[in-house]
Amino acid sequence: MDNTEEQQVERLKEFWKEHGKGIVAGVVIGFGLFYGWRYYDQHTLETQERASANYEQLTSGLSEGSENAVLEAQNFVSENPGNVYAQLVAFQLAQHAAERTDLATAVTVLQSVVDNADDENMSALASIRLARVLIAQEQLDTALSLVQKPLPEAYAGFAAELEGDILAEQGNTEEARAAYERALQAGESLTPALQMKLNSLAKS
């Protein structure tokens, strides 16, 4: 996984660590003022606090290689698909699983983020990482559909490079070259091999 993607994940983690409770509190207060739902206020804050605590515990367990960490993380993600903390756990679980060649688990948890994330950046990053895993599984058509869908500008370069990889693997040289050129034009710090890939196609 390249450094720029890791930086995107870290930025998402830091944002929610610093502002998550405040955002939730603001939403809850807004609902409370409009509807007078005091119960909703308290219940939602407590739920989010529990999710935050679970996030800290599960990510630590995955990092430390805890015996039950994977199963607990899987359960947390599946039981809380729309919760941002569960989605952050999903990223770490997917990386943990992929490093151990458990690609099926990586696909499942990343697909959950793609399907359920309200934040377009979270969903886009999950799409990019899911496409990488699907390429490893040789599910090229499914991976291609992920990187060809509209994504936020910050992820356009990553998506274009992966699109080029898939098209080149499928033998679509001209389309692959165009995708690599779009990736270069995106101005992102992509993989060092990008220019080499493009040069290779130019010589073929």
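Please read these numbers as outputs of a predicted model, since none were measured by experiment.

Chemist: Whenever I open this one, the packing of helix α4 (residues 84-99) against helix α5 (residues 103-116) confuses me. Can you help?
Modeler: Helix packing geometry: the angle between the two helix axes and the distance between the axes. One way to put it is that α4 packs onto α5 with a least axis distance of 8 Å and a crossing angle of 155 degrees. Looking at the two axes, α4 sits roughly antiparallel to α5. Note that α4 runs across α5; the crossing there is left-handed. Counted together, Gln-87, Ala-90, Phe-91, Leu-93, Ala-94, Ala-97 and Ala-98 of α4 and Leu-103, Thr-105, Ala-106, Val-109, Leu-110, Val-113 and Asn-116 of α5 form the full contact between these two elements. Of the residues belonging to the contact of α4 with α5, the class tally is eleven nonpolar, three polar and no charged.

Chemist: Honestly, the packing of α5 against helix α6 (residues 120-136) in this entry has me stumped. Any pointers?
Modeler: One can describe the packing of α5 onto α6 by two numbers: an axis separation of 8 Å at closest approach and a directional angle of 155 degrees. By the angle between their directions, the pair α5 and α6 is classed as roughly antiparallel. Relative to α6, α5 is oriented so that their crossing is left-handed. Of the residues in α6, those touching α5 at Leu-103, Ala-106, Val-107, Leu-110, Gln-111, Val-113 and Val-114 are Met-122, Ser-123, Ala-126, Ser-127, Arg-129, Leu-130, Val-133, Leu-134 and Ala-136. Taken together, the residues of the contact of α5 with α6 break down into twelve nonpolar, three polar and one charged.

Chemist: Help me understand helix α9 (residues 173-185), please; the structure alone is not making it clear to me.
Modeler: Because an α-helix completes one turn every 3.6 residues, residues spaced three or four positions apart along the sequence face the same direction. Look at α9: 18 Å from first C-alpha to last across 13 residues, which is about the 18 Å you get at 1.5 Å a residue. Along α9, the positions that sit buried rather than exposed are Ala-176, Arg-177, Ala-179, Tyr-180 and Ala-183. Seen from one end, α9 has its buried residues packed into an arc of 165 degrees, which puts them on one side. With respect to the buried face of α9, the exposed residues turned more than 90 degrees away are Glu-174 and Gln-185.

Chemist: Before we go on, may I ask you to explain the environment of Val-113 in this structure?
Modeler: Looking at the secondary structure, you find Val-113 in helix α5. Residue class for Val-113 comes out buried when judged on its relative accessible area of 1%. The sequence separation of Val-113 and Ser-127 amounts to 14 residues, and the corresponding C-alpha distance is 8.4 Å.

Cut-offs applied
Residues numbered from 1 in each chain as written. Predicted model: local features only at pLDDT ≥ 70, side-chain atom pairs only at ≥ 80, totals over all residues. Heavy atoms only, no water. Axes fitted to C-alpha atoms, helices over the stretch in contact; angles between N-to-C directions. Helix = DSSP H or I, 4+ residues; strand = E, 2+ residues; numbered from the N terminus. Parallel < 35°, antiparallel > 145°, perpendicular 65-115°, else oblique. Left-handed = near helix turned anticlockwise from the far one by under 90°. Contact = heavy atoms within 4.5 Å. Nonpolar A, V, L, I, M, F, W, Y, C, P; charged D, E, K, R; others polar. Expected span 1.5 Å × (residues − 1). Buried < 20%, exposed > 50% of the residue type's maximum accessible area, 1.4 Å probe, protein only. Arc of directions from axis to C-beta.

Function-wise, these values are silent; they only describe arrangement.
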